[in-house]
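Now for the letters of each chain:
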Amino acid sequence: MKKLKTILIIFLFFMVNNIIFAQNISIGLKNGINKSTVKAGDIGHNKVISIKGDNFGLIVNYKFSGLVFLLTGLDFEQKGFEFKQYYSPGYIGDGSYWGMYKLKYITIPLLANIEFGKSIKYYGYTGLYMSLLSNAENRTTVSIIGGHGILWTYDHSYDPTS
């Protein structure tokens, strides 16, 4: 957490410094939706469902020339998925397991942006992203119907960051 605070302070210092001394800067907000793609193998009856997550942040665009910009910012992103598996009869009894993973990131992009076109503007981006995992959550539950119709339920949740 201390490392994250240091990065944020340096980032904010850079932004304030450029706002004071540069007139070629623009600042904005962004908001969107993330949807992760996760594929499951062909084992039993798998079902994987992507979780839609928020994506919002601050954008800082610094203009070097009429065509070239440097885009950076600070983003908060949520990603994850839910899963379900049903066991076939005769395979460890009847049963199933289900759960979810939710991941939250703080992302700092550093992108070069090239703009071209007169009446219709086109943009090209290239660059790097640095993401810091701020939170991870896993919940996994297993239920099995054994002999004599007895139902066993186990919680296999764990902290993915440890």
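What you see is a predicted model, and the numbers here were worked out from it, not measured in a lab. (Residues numbered from 1 in each chain as written. Predicted model: local features only at pLDDT ≥ 70, side-chain atom pairs only at ≥ 80, totals over all residues. Heavy atoms only, no water.)

## Some remarks on the overall build of the chain
When its secondary structure is counted, the chain shows one helix and seven strands. Looking at the chain as a whole, 27% of its 162 residues qualify as buried. Pairs at least 24 residues apart make up 54% of the contacts formed inside the chain by residues separated by at least 6 positions. When the accessible surface of the chain is split by element, carbon and sulfur atoms take 61% of a total near 11300 Å². (Helix = DSSP H or I, 4+ residues; strand = E, 2+ residues; numbered from the N terminus. Buried < 20%, exposed > 50% of the residue type's maximum accessible area, 1.4 Å probe, protein only. Contact = heavy atoms within 4.5 Å. Areas by Shrake-Rupley, 256 points an atom, 1.4 Å probe, with all protein chains shown as cover.)

## Re the confidence of the model for the chain
Per-residue confidence for the chain averages 78 on the pLDDT scale, and 75% of its residues sit at or above 70. At the level of individual helices and strands, the chain shows its lowest average pLDDT in helix α1 (residues 2–21), which scores 62, and its highest in strand β3 (residues 52–63), which scores 89. (pLDDT = per-residue confidence, 0-100.)

## Remarks on the packing of aromatic side chains
Applying the stated rule across the entire model yields six aromatic pairs. On the numbers, 5.0 Å between centres and 80° between planes, the contact of Y62 with F64 is edge-to-face. When its relative accessible area of 55% is taken as the criterion, F64 is described as exposed. An aromatic cluster of three or more residues is present, and its members are F81, F83 and Y101. (Phe/Tyr/Trp six-rings, centres within 6.5 Å; stacked < 30°, edge-to-face > 60°.)

## Examining the pattern of salt bridges
In total, this model carries four salt bridges according to the counting rule given. Note that D75 is salt-bridged to K30, the shortest N-O span being 3.2 Å. Here D75 is found in strand β4 (residues 68–87), whereas its partner K30 is found in strand β1 (residues 25–35), with 45 residues between them in sequence. A relative accessible area of 30% places K30 in the partly exposed class. Between E77 and K79 there is a salt bridge, with the nearest N and O atoms lying 3.7 Å from each other. Note on K79: relative accessible area 32%, which makes it partly exposed. (Salt bridge = Lys/Arg side-chain N within 4 Å of Asp/Glu carboxyl O.)

## Considerations on the environment of L70
Relative to the helices and strands, L70 resides in strand β4. With residues near it in sequence (within four places) discarded, L70 still touches V60, N61, Y62, F64, L110 and L111.

## Observations concerning a nonpolar patch on the surface
On the surface, F64, L67, V68, I114, F116, I120 and Y122 cluster together to form a nonpolar patch covering roughly 710 Å² of accessible area. Secondary-structure assignment places L67 in the loop between β3 and β4. (Patch = residues over 30% accessible without salt bridge, like charges linked within 9 Å, V, L, I, M, F, W, Y side chains within 5 Å.)

## A short note on the side chain of N138
With respect to the helices and strands, N138 occurs in strand β6 (residues 122–145). Only 3.3 Å separates the side chain of N138 from the side chain of T140, close enough to count as a polar contact. Apart from the residues lying within four places of it in its own chain, the contact partners of N138 are M100, Y101, H156, S157, Y158 and P160. (Polar contact = N/O pair within 3.5 Å; in protein donor to acceptor, adjacent residues only side chain to side chain.)

## Focus: the environment of G66
One can find G66 in the loop between β3 and β4. By relative accessible area, G66 is classed as partly exposed at 49%. When the C-alpha atoms of G66 and I114 are compared, they prove to be 9.2 Å apart, with 48 residues separating the residues in sequence.

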